[in-house]
Every structure is written in C-alpha cells, then in structure tokens.
Amino acid sequence: MNLVSLGHSDLRVTPICLGTMTFGQQVAEAESHRILDRSLERGVNFIDTAEMYAVPATAETCGSTETFIGRWFANNPGARQKLVLATKVAGPSRGMPWVRDGQGMTAQDILASCEGSLRRLQTDVIDLYQIHWPERNVPAFGAVYYDPKKDRAGTSIHEQLQALGELVKAGKVRYIGLSNETPYGVHEFVRLAEQHGLPRVATVQNPYCLINRSLDNGLDETMHHLGVSLLAYSPLGFGLLTGKYDETGIQGVAQPQGRMAIYESMQKQRWGRPEALAVAKIYNQLAREHGLTPTQLALAFCYTNWRVASTIIGVTSVAQLDECLDAWGTTLSADLLKAIDAIRWEHRDPAQ
C-alpha cells in the first residue's frame with residue numbers, strides 16, 4: 001500500500017486505518033494487543049481511537065480502548081514512532097454524562113479531554129486530534145433532516161479552533177480533524193482557520209459504505225475543493241455488508257456472529273433498520289454474482305473510491321483483520337460499478 005497524504009498536513013498514512021472501538025467491549029486486552037501486533041506487522045501505520053471508546057459506550061468501559069493502546073505502546077518500545085495516532089474528543093454528552101458534563105463542549109473540555117487521552121495513550125503527542133461530533137445541532141447518527149428549532153447557543157467554532165490551536169502550539173497535537181460533520185461545518189472550520197491563522201482541519205471522519213453514501217450528496221464536493229481528506233468509517237455497515245446476517249437476520253440469532261446480533265442497543269440504530277439489511281443483502285448477492293465475497297465488494301468500494309483517503313476497518317480478531325487487509329487490491333469493473341449505482345438509485349441510503 002502506498003502512503004497517502006491527509007489534507008494539507010504532512011501526515012502520510014496507509015489507505016487502511018485500524019479502527020479500535022471494539023477494544024474493551026467485544027475484544028479483551030490480550031486479543032486487542034494481538035490485533036495491534038498483526039496490523040503493524042502487515043504494514044498498517046494508522047490507528048484511530050476515541051476518548052469515549054469502547055462501543056457500545058458505558059461508564060465502565062469509557063477510556064478503556066485508549067488505555068489498551070497505551071499499554072500496548074508501553075510493551076512495544078518503538079511502535080509509537082512507527083504509527084500515525086488519531087483520537088477524538090467527544091462532543092456533547094448524547095446521554096453519556098460520564099463522557100461530558102453538561103450539554104456543550106467548551107474550550108476547557110477540549111483541553112482537559114486531550115490531557116486525558118495523552119495520559120491513557122501513554123504518549124506525548126497525538127498526530128490527529130478530531131472532534132468526534134459537532135456541538136452544533138446537526139442531523140447525525142441516523143437523523144436525516146436539519147431542524148433550526150433545535151439550534152442552541154454553545155461554544156462557537158472559533159472558540160473550538162482556538163482551543164485546538166493551543167494544543168497544537170503546545171506540541172500536544174500535530175493536526176486536527178472533524179467527524180460526523182456537514183458541508184457547512186467543514187466550510188466554517190476552514191474559513192475561520194484561514195481568517196484567524198488557526199489550525200486548518202486535515203480530515204473528516206464520516207460514515208461511507210454501500211448502504212450509506214450520504215457524503216456523495218455535497219460533502220464530497222466541499223472536501224475536494226477545500227483539500228480535506230475523508231476517513232471512511234463503517235465500510236462494512238456494522239457487519240451487514242459481510243453477508244453474515246443474510247440468512248439469520250440480526251435478531252434471535254442462536255449463535256451471535258457480530259455486534260448487531262449481540263447488542264440490542266445497536267439494533268435500534270441506523271444500521272439496525274430493516275431496510276438497511278434488506279438493501280445490504282442485495283449488494284451481497286451482487287458480490288457473489290461477480291465472484292467476490294460481500295466483504296471484498298464492500299471494502300473495494302471504499303478502497304478504490306477517489307473520495308476516500310483512508311478506510312477505517314474495525315475488527316474483533318486477527319482473522320478478520322487479515323480478511324480486510326487481503327481485500328486490498330480487489331478491483332471493481334465498470335459494469336459492477338454501474339450495477340452498484342443502479343442499486344443506489346433505487347434504494348438510496350437506508351443507513352444514513
């Protein structure tokens with residue numbers, strides 16, 4: 001894998017990034033360390049985590065993922081220098097008061113969260129520090145429509161950038177990014193950074209997969225013209241695009257095969273919508289008709305897409321990691337891409 005640049009930064013990363021939100025919930029520490037070992041062995045130089053992980057989020061597991069990674073760094077001298085490390089500061093609580101007190105995300109919250117992440121990760125600097133979700137009222141995590149009646153006063157984007165600028169100036173953060181953002185948000189962060197000489201966002205980490213291509217409806221143009229790179233998360237649609245739920249569905253599975261079957265809270269989210277699985281099954285069958293596994297099709301869609309700088313893969317075992325990495329190099333014919341677009345034309349984005 002050739003390295004790619006992130007935005008206007010000098011960060012050079014592999015086009016596959018190891019996502020870690022399963023560490024501390026589905027994945028015990030020893031197995032998480034084996035996954036990290038294997039990922040580094042296979043040449044992946046990019047790791048993404050967050051202060052609120054593991055997921056599903058609980059008070060007991062909050063911060064455990066970063067802690068696992070930090071202990072892995074401590075046990076593997078020299079590993080930190082080989083990796084680009086990304087983590088995220090949580091936005092307003094969203095029903096998780098153990099992550100963030102109050103309804104906002106103040107400048108002081110950002111500074112304190114960074115200190116906590118540095119401590120848990122056992123590192124002196126975070127290469128890419130991202131705002132996990134906006135403090136603003138935005139349609140995200142399954143919401144589709146913006147409602148101005150829900151707007152509220154809070155920490156301005158300018159104030160957030162100033163706090164992030166303090167961290168960059170102090171040498172605790174190298175570059176900054178966003179997550180679960182909108183075209184308006186990306187434009188404002190870039191505009192204010194350029195206007196006030198503050199750090200410019202390098203990346204946006206948003207969902208992107210066959211059953212959620214909402215980014216294609218305007219955010220892709222914004223990011224292209226502003227020189228901001230996409231980190232695509234959930235490329236396998238929380239497992240729906242692997243084919244493992246095609247026969248059983250996500251409920252009442254005798255032997256749970258993944259997080260959608262294990263966690264009832266996940267079934268209530270966008271990936272648990274009946275239409276999300278129904279459309280995923282159409283894509284999965286398309287893959288088989290073209291001699292591919294569903295996983296190969298779904299990952300190749302991201303791996304080969306001009307919009308995507310790096311695809312974040314979340315795994316629960318070394319075997320899953322190898323499967324995702326082995327899909328690199330899979331090509332999609334023009335006819336297959338045309339068939340993918342035909343399905344989307346009819347079904348749009350059921351997991352938006």
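Residues numbered from 1 in each chain as written. Predicted model: local features only at pLDDT ≥ 70, side-chain atom pairs only at ≥ 80, totals over all residues. Heavy atoms only, no water.

### A few points about the pattern of salt bridges
Turning to step 1, where the next piece is worked out: Scanning the model with the defined rule gives 23 salt bridges in all.
Turning to step 2, where the next piece is worked out: R100 is paired through a salt bridge with E51; the nearest N and O atoms lie 3.2 Å apart. Of this pair, R100 sits in the loop between β5 (84-89) and α3 (107-121) while E51 sits in the loop between β4 (46-48) and α2 (64-75), and the two are 49 residues apart along the sequence.
Turning to step 3, where the next piece is worked out: Among the residues examined, R100 registers a relative accessible area of 4% and is labelled buried. (Salt bridge = Lys/Arg side-chain N within 4 Å of Asp/Glu carboxyl O. Helix = DSSP H or I, 4+ residues; strand = E, 2+ residues; numbered from the N terminus. Buried < 20%, exposed > 50% of the residue type's maximum accessible area, 1.4 Å probe, protein only.)

### Overview of the packing of helix α1 (residues 29-41) against α2
Each packed pair of helices is defined by two parameters, the angle between the axes and the distance between the axes.
Turning to step 1, where the next piece is worked out: One can describe the packing of α1 onto α2 by two numbers: an axis separation of 10 Å at closest approach and a directional angle of 60°. By the criterion of interaxial angle, the relationship of α1 to α2 is oblique. The two elements α1 and α2 meet at a crossing, and its hand is right-handed. Counted together, E29, S32, H33, L36, D37 and L40 of α1 and F68, I69, R71, W72 and N75 of α2 form the full contact between these two elements.
Turning to step 2, where the next piece is worked out: Tallied by class, residues from the contact of α1 with α2 come to 5 nonpolar, 3 polar and 3 charged. (Axes fitted to C-alpha atoms, helices over the stretch in contact; angles between N-to-C directions. Parallel < 35°, antiparallel > 145°, perpendicular 65-115°, else oblique. Left-handed = near helix turned anticlockwise from the far one by under 90°. Contact = heavy atoms within 4.5 Å. Nonpolar A, V, L, I, M, F, W, Y, C, P; charged D, E, K, R; others polar.)

### Focus on the sheet that holds strand β9 (residues 229-233)
Turning to step 1, where the next piece is worked out: The 8 strands are arranged β3-β4-β5-β6-β7-β8-β9-β10 in a closed barrel whose pairing can be described as parallel. Taking each pair of neighbouring strands and ignoring which way they run, the sheet shows an average axis angle of 30°.
Turning to step 2, where the next piece is worked out: As paired elements, strand β7 (residues 173-179) and strand β8 (residues 201-207) share 4 bridges and run parallel to each other. Residue pairing for β8: G177 is matched across the bridge by T203. (Pairing = 2+ DSSP bridges.)

### Things to note about the pairing of strand β6 (residues 126-131)
Turning to step 1, where the next piece is worked out: Burial analysis of β6 places 6 of its 6 residues in the buried class, which makes it a mostly covered element.
Turning to step 2, where the next piece is worked out: As paired strands, β5 and β6 are joined by 4 bridges and run parallel to one another. Looking across to β6, one finds that K88 is bridged to Q130.
Turning to step 3, where the next piece is worked out: On the question of chirality, the crossover connecting β5 to the parallel β6 by way of α3 is right-handed. (Right-handed = clockwise from strand over helix to strand, strands pointing away.)

### A look at the nonpolar core
Turning to step 1, where the next piece is worked out: Counting residues in hydrophobic clusters, the biggest one holds 97 residues, and the most contacted among them are Y129, I211 and L240.
Turning to step 2, where the next piece is worked out: The residues contacting Y129, other than those within four sequence positions of it, are T87, K88, V89, I110, S113, C114, L164, L167, V173, Y175, I176 and G177.
Turning to step 3, where the next piece is worked out: Residues L6, A86, L128 and A309 belong to the second largest nonpolar core, which totals 12 residues. (Core = buried A, V, L, I, M, F, W, Y, C linked by side-chain atoms within 4.5 Å.)

Geometric descriptors of this kind do not, in isolation, establish any biological role.
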